[in-house]
Every structure is written in structure tokens, then in C-alpha cells.
Amino acid sequence: MKSMLMDKCYMEHKDMENKLSLRAIVSLWFYRSLHILFLLPSVCFAPILGKFSRRIKEGFNDYFGNVKLPKKFNKPVLWVHGVSMGESMVALGFAKELRKVYPNSTILFTTTHPDVIKDVKKKEIADSIAYFPLDNYRAMNKIFNKWKPNAVFVAETDFWPEFSHQCKIRNIPLILINGRISSKIASFYSYAKGIAKIVFGAFSCFAVQSRVDADRLLEIGVPLDKIQILGNMKADFTHTNQVDLSNVSSWLNNRKSVVFGSLHPEEFLLLKPLFKKLVEEKIAVIIAPRNITLANSWKEELLKDNLKVCCKNQIEESDVMILDTIGELASVYKLSYVAFVGGSLDKNKTGGHNPLEVLQQNVPLLMGNYYRNFADIVEQLKSVCGISVVENSEQAYKAIMQIIKDENISSKMIKAGNEVLNSNKGVVGKTINIAKKFI
């Protein structure tokens, strides 16, 4: 009986694959072969790597699809995925709304970030939480067989061929929420048409942030009737200040301050001269590395420049504070007179981090001129003078001083930012309405 069932599943699997183009089938099997080729040596080194990597140590079983079963299996079973911190913020907010609409449902949650795993467990948002499995046939087949989702939701921008294909062959609705299609993703999949067919052909709907994202999907070959332009869902998740920052306020001691959020190493080096200039103007500087493991080395670098520096976890009298904590940046923005959002000064790297966190705190916003990840929002802000976009350290210094010295400029930027923020609200409700069609 078991053999007959396996044969039936195999034939259904083959039938679905036969519906793909020859190019897509070849691409899928080539992709699977590459995974096997690279997986074998990786498994051998996993015990060693686990000593240095929290993700490998905690998520080893999950990576191979050996996820825990939820305590309840009420219908519908809804799988929500957010790859990193930013995407997971959207995924978590969306999961909460799903729970309100489907209170007796089973919510499953995956991510790749250990701090997100910890946060989801603490808040008890999902019925089962796991690290996202390796995108190979064995791991994905195993997790889908265990979890048996009725619908799958992916936040923003995380596309995997085997993951998508498993949804396709099982007739599981796959929905992109708050979709963001970067120029790099569009360029790659426009070239790799076989893989693009597997990945994007499996999606039931793409709820994207902007017209630019929609146009890039059209270039890849996604049908127009599968695309919905809704705006940025992050505008609905206004940060509520639950972080105690009294010690930071005491450290500021009524000084004006500038926060530099989510800085990358290249940006830190570019902006170092600016930090010193601001300190000379009696302005306190708060620096938040994108990777907090850099905090101590950055502190040492600034001490060499004869600046007084401390870290958030060990506050002392100083002119510069480095934020070496997780989950506090959005709240810290509230304490600044001006805030710079990082990931936006390096042409070939990130493409900008989330500016909405600054707007939500009613603070004037600065970014570098490479902001492709949030191009739609930034262009809206530029059109109403709600942001200052700079190309280098010198321009940033001039913009910051102009805002700090002229309250009229500051208030106009805040007002314009609020208008753009409010215009993007309501996306969660619209996305839930789309989701209802597939659940």
C-alpha cells in the first residue's frame, strides 16, 4: 500500500514537471545536481562550523527539513517566511493579522536569522518556528510533508527554485507579500529564464510595493494579472516605544544628536570625518552598525581619532555612542534631531535600508544616493522635500547642520515625511483581502 502511494506521488510529481518547458526542467535538475555537489562537503564540515556559527548550531536539523511539528494542526495551516530582520518585521506583522482573521489557524514561521527565531518564540506568534531549510529536494520535500501548509506567504524578496516548485506540484498557493524586486534580481532572472519559470511560475500572486517592482516582474515574464501594486506594508507597523532608553537620554544630557543607522563598514570609513566634525559642533553622535559584531572594532577605530566613545551596553561619558544591541535602533531614532539611514552610500552593495523607521519617529531623514531597495518611497519623499539625499560625507555634514540650525526646514521635512508615510498605510488590510482568495 505504501509503495503504491509513493508511486502515485512520484507519477504526479513527474506529470507536473512535464508541464514545465524543457528549459525549465533542465534548469531544475541542474540546480538540484549543484546542491548535491556542494552539500556533501558542507555536511562534513558542519560540526566544525557549528562551533563558530550560531545559525548552524541551532538550525542544523531544520536545514534538512527535520522541523518540529506544531502542537495543533487546525485548518488552515499557514506558512509565513521572512528571510532576515527587515523582511521578518513584515512577516511577523502579517502573521499577527492572519491570526486575527483566522484565530483557530495553525501559523508556521521560518527565517534565517537567530534573533528573529528568539523573538518569535518569546512573543508566541507562531505555532511552529524553524530556520528555513536548505533549498534541495530532500529537505524541502520533508518539510512540506510534515507541515502540509494550505498557503505559503513570502515577505519581500526571497526566491528559491525548489521551495517554489514544491508549492507548485502540491497545488499550494504561494503569495509574495510586500514584494520588492531589486534590479539585480530582475537582471539575473531575465537571463536565467529556465529558473525564472520555476520560481515565479509557482506564485499565485505578487503583492508588490511599487510600479518599479511590477515592471521588473513583467520583464521577467510574470503575467500582469498576477501582480498587485499595494504600497509598502512597513508603514502599517508603526514602532511602539517599548524600549527603556532613559540611560541614553541621560547620556545625551540635553545635547542635540544625530543617529547613523544600519551602517556598513564602507560607510563607516566614508563618514568617519563627519563624526569628528559633528563632535566639534557639540553634537552627540550615535552609530548603529548593521552587524553589531563590529561595534568594538569601530570603537577602537574612533578612539584612535581622539574621540570619546562608549558602547550602549557600557555607557560612560563620551561624545559618540555605538549601539551594540539588537532591536533598539527604531526607538533610538526618536532621540535624534536628524537620522541617516545606511546601506545607501555604496553603489555596488546593499541599496539602502528601511527609511520608514525614521519617518515613524517624526525625525528629519538623510540617505545616500543608492537607495534602490526603497526607490519608490524615497522618490515620493524627494518630490515633497521630505528627505535629504547626499553623495558623500561633506554633503551629509552640510545637510545635517542646515537641518539642525533651521527649525523651519526640520518641521517641513517631518510634515512631508508624515504625508508620505500616511499615504502608504493600509497595505496589511489589502494584502489580507488578497490572501483570503487563496485560503
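First, a word on scope: everything that follows refers to the structure included in this document. (Residues numbered from 1 in each chain as written. Predicted model: local features only at pLDDT ≥ 70, side-chain atom pairs only at ≥ 80, totals over all residues. Heavy atoms only, no water.)

**Digging into the overall build of the protein chain**
Link 1 in the chain: Of regular secondary structure, the protein chain possesses 19 helices and 14 strands.
Link 2 in the chain: For the protein chain, whose C-alpha radius of gyration is 23 Å, the value lies close to the compact-globule estimate of 22 Å for 439 residues.
Link 3 in the chain: Here the protein chain, with 439 residues, has 52% of them falling under the buried criterion.
Link 4 in the chain: Taking the contacts inside the protein chain whose residues are at least 6 apart along the sequence as the reference set, 68% of them involve residues at least 24 apart.
Link 5 in the chain: For the protein chain, the exposed area adds up to about 21000 Å²; of that, 54% sits on carbon and sulfur atoms.
Link 6 in the chain: Here the protein chain holds 59 positive side-chain charges and 43 negative ones, and the gap between their average locations is 6 Å. (Helix = DSSP H or I, 4+ residues; strand = E, 2+ residues; numbered from the N terminus. Rg over C-alpha atoms; globule rule 2.2 N^0.38 Å. Buried < 20%, exposed > 50% of the residue type's maximum accessible area, 1.4 Å probe, protein only. Contact = heavy atoms within 4.5 Å. Areas by Shrake-Rupley, 256 points an atom, 1.4 Å probe, with all protein chains shown as cover. Lys, Arg positive; Asp, Glu negative; His and termini not counted. Charge placed at Lys NZ, Arg CZ, Asp CG, Glu CD.)

**Describing the pairing of strand β8 (residues 257-263)**
Link 1 in the chain: The element β8 is largely enclosed, with a buried count of 7 among its 7 residues.
Link 2 in the chain: Sheet topology places β8 next to strand β9 (residues 284-289); 5 bridges connect them, and they run parallel. Paired with Val-258 across the strands is Val-285, a residue of β9.
Link 3 in the chain: The β-α-β motif built from β8, the intervening helix α12 (residues 265-280) and the parallel element β9 has right-handed crossover chirality.
Link 4 in the chain: As paired strands, β8 and strand β12 (residues 338-341) are joined by 4 bridges and run parallel to one another. By the bridge assignment, Val-258 is partnered in β12 with Val-338. (Pairing = 2+ DSSP bridges. Right-handed = clockwise from strand over helix to strand, strands pointing away.)

**Remarks on the sheet that holds strand β14 (residues 388-390)**
The strands that make up a sheet are held in pairs by hydrogen bonds between backbone atoms, and each pair lies either parallel or antiparallel.
Link 1 in the chain: With respect to topology, 7 strands assemble into an open sheet ordered β10-β11-β9-β8-β12-β13-β14, the strand pairing being parallel. Strand pairing shows two members of the sheet lacking a second neighbour, β10 (309-311) and β14, which therefore form its edges. Across the sheet, the mean angle from the axis of one strand to that of its neighbour is 20°, orientation sign disregarded.
Link 2 in the chain: Bridge count for β9 against strand β11 (residues 320-322) is 3 bridges, and the pairing is parallel. Bridge pairing in β11 links Ile-287 to Ile-322.
Link 3 in the chain: The sheet contacts of α12 involve β8, β9, β11 and β12, and relative to β8 the element is tilted by about 175°.
Link 4 in the chain: Here helix α17 (residues 393-405) sits on the sheet in contact with β8, β12, β13 (365-368) and β14, set at roughly 160° to β14. (Axes fitted to C-alpha atoms, helices over the stretch in contact; angles between N-to-C directions.)

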